[in-house]
Amino acid sequence: HRNAVPAAGSKLAVIGAGAVGSSVAYAALLVHAAAIDGEVSDAERRKLKSLLMQRFELDDAAAADLVERATAADERAVDLYHFTRLLNDRLDEPGRLRMIETMWSVAYADGELSNYESNLIWRVADLLGVSQAERVALRQRVAAAQGSAA
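Definitions and cut-offs
Residues numbered from 1 in each chain as written. Predicted model: local features only at pLDDT ≥ 70, side-chain atom pairs only at ≥ 80, totals over all residues. Heavy atoms only, no water. pLDDT = per-residue confidence, 0-100. Contact = heavy atoms within 4.5 Å. Helix = DSSP H or I, 4+ residues; strand = E, 2+ residues; numbered from the N terminus. Buried < 20%, exposed > 50% of the residue type's maximum accessible area, 1.4 Å probe, protein only. Salt bridge = Lys/Arg side-chain N within 4 Å of Asp/Glu carboxyl O. Core = buried A, V, L, I, M, F, W, Y, C linked by side-chain atoms within 4.5 Å. Expected span 1.5 Å × (residues − 1). Arc of directions from axis to C-beta. Phe/Tyr/Trp six-rings, centres within 6.5 Å; stacked < 30°, edge-to-face > 60°.

Trainee: Any chance you could break down the confidence of the model for the protein for me, citing the residues and the numbers?
Mentor: Looking at the protein as a whole, its pLDDT mean stands at 85, while 85% of the residues score no less than 70. Considering only residues more than four positions removed or in separate chains, one finds that residues 1-19, a stretch of pLDDT under 50, has 33 contacts.

Trainee: Requested: an account of the environment of Ala33, with residues and values cited.
Mentor: Mapping Ala33 onto the fold places it in helix 1 (residues 22-35). With a relative accessible area of 0%, Ala33 lands in the buried category. Along the chain, Ala33 and Glu44 lie 11 residues apart, while their C-alpha atoms are 9.4 Å from each other. When near neighbours in sequence (up to four residues on either side) are disregarded, Ala33 contacts Met103, Glu117 and Leu120.

Trainee: Which residues make up the environment of Leu127, and what values go with them?
Mentor: If you trace the backbone, Leu127 turns up in helix 6 (residues 115-127). Sequence separation of Leu127 and Tyr81 is 46 residues, and the distance between their C-alpha atoms is 7.4 Å. Among residues more than four places away in sequence, those in contact with Leu127 are Leu80, Thr84 and Asn88.

Trainee: Which residues make up the pattern of salt bridges, and what values go with them?
Mentor: Following the criterion strictly, the structure yields 4 salt bridges and no others. Asp60 serves as the salt-bridge partner of Lys49, at 2.9 Å between the closest nitrogen and oxygen. Here the residue Lys49 occupies a position in helix 2 (residues 42-56), and Asp60 occupies one in helix 3 (residues 60-76), the gap between them amounting to 11 residues. The exposure class of Asp60 is partly exposed, given its relative accessible area of 44%.

Trainee: Account for the nonpolar core, naming residues and giving values.
Mentor: A general feature of soluble globular proteins is that nonpolar side chains tend to end up buried together. If you look at the biggest cluster of nonpolar residues, it comprises 40 residues, and the most contacted ones within it are Met99, Ile100 and Met103. Only helix 1, helix 2, helix 3, helix 4 (81-90), helix 5 (93-108), helix 6 and helix 7 (132-146) provide two or more residues apiece to this core. The greatest single-element share of this core, amounting to 11 residues, is contributed by helix 1. Residues in contact with Met99, not counting those within four places in the same chain, are Tyr26, Leu29, Leu30, Leu87, Leu91 and Leu128.

Trainee: Tell me about helix 1, and name the residues and values.
Mentor: Over its 14 residues, helix 1 runs 20 Å from end to end, which matches the ideal 20 Å to within 8%, given 1.5 Å per residue. When you tally the buried positions in helix 1, you get 12 out of 14 residues, the bulk of the element. Within the sequence span of helix 1, burial applies to Val24, Ala25, Tyr26, Ala27, Ala28, Leu29, Leu30, Val31, His32, Ala33, Ala34 and Ala35. Summarising the contacts, the buried residues of helix 1 are in contact with helix 2, helix 3, helix 4, helix 5 and helix 6.

Trainee: Now, about helix 4: what can you tell me, with residues and values included?
Mentor: Of the residues making up helix 4, those classed as buried are Phe83, Thr84, Leu86 and Leu87. Down the axis of helix 4, the smallest arc covering the buried residues is 160°, so these residues share one side.

Trainee: Before we move on, can you summarise the packing of aromatic side chains with the specific residues and values?
Mentor: Tallied over the full model, the rule gives 2 aromatic pairs. Centroid distance Tyr26 to Phe56: 5.4 Å. Interplanar angle 85°. Geometry classified as edge-to-face. One end of the pair, Tyr26, is in helix 1; the other, Phe56, is in helix 2, and 30 residues separate them in sequence.

Trainee: So what about the environment of Met103? Which residues, and what values?
Mentor: Here Met103 is to be found in helix 5. You can call Met103 buried: its relative accessible area is 0%. Sequence-wise, Met103 and Leu48 are 55 residues apart; in three dimensions their C-alpha atoms are separated by 9.0 Å. If we skip the residues at most four places from it in the chain, Met103 touches Leu29, Leu30, Ala33, Leu120, Ile121 and Val124.

So this is what it looks like as structure tokens:
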């Protein structure tokens, strides 16, 4: 049950699988992380939008549009590989590390880390070639910043 990220009644832009750009792929993985435990909290929704505004230098409306397009792409996706392949092609190592750190930030936004969220982030990190030591260090850094136990 993956939905509820966009505001009720909003129309999702229909985009073809080939039209998914790196910003949509990036955002889709964050949307997936927020929704994987079956519920997107208000805190997760706010954090997701804020992180996308910072990462891509977007205003509120552009960030909302990106979340809508990313939600649509995530709902159509069969697996994570399409998104991670695109990001591997477009991101350097610091960019891939930032992606994983951002996913941890979304996962911890509601103060809880579910097993689903943790497993997803570990799988994405593996597909992006982020080492276990780096994954753990990023999780611990984000948890410390959020005041949660890693």
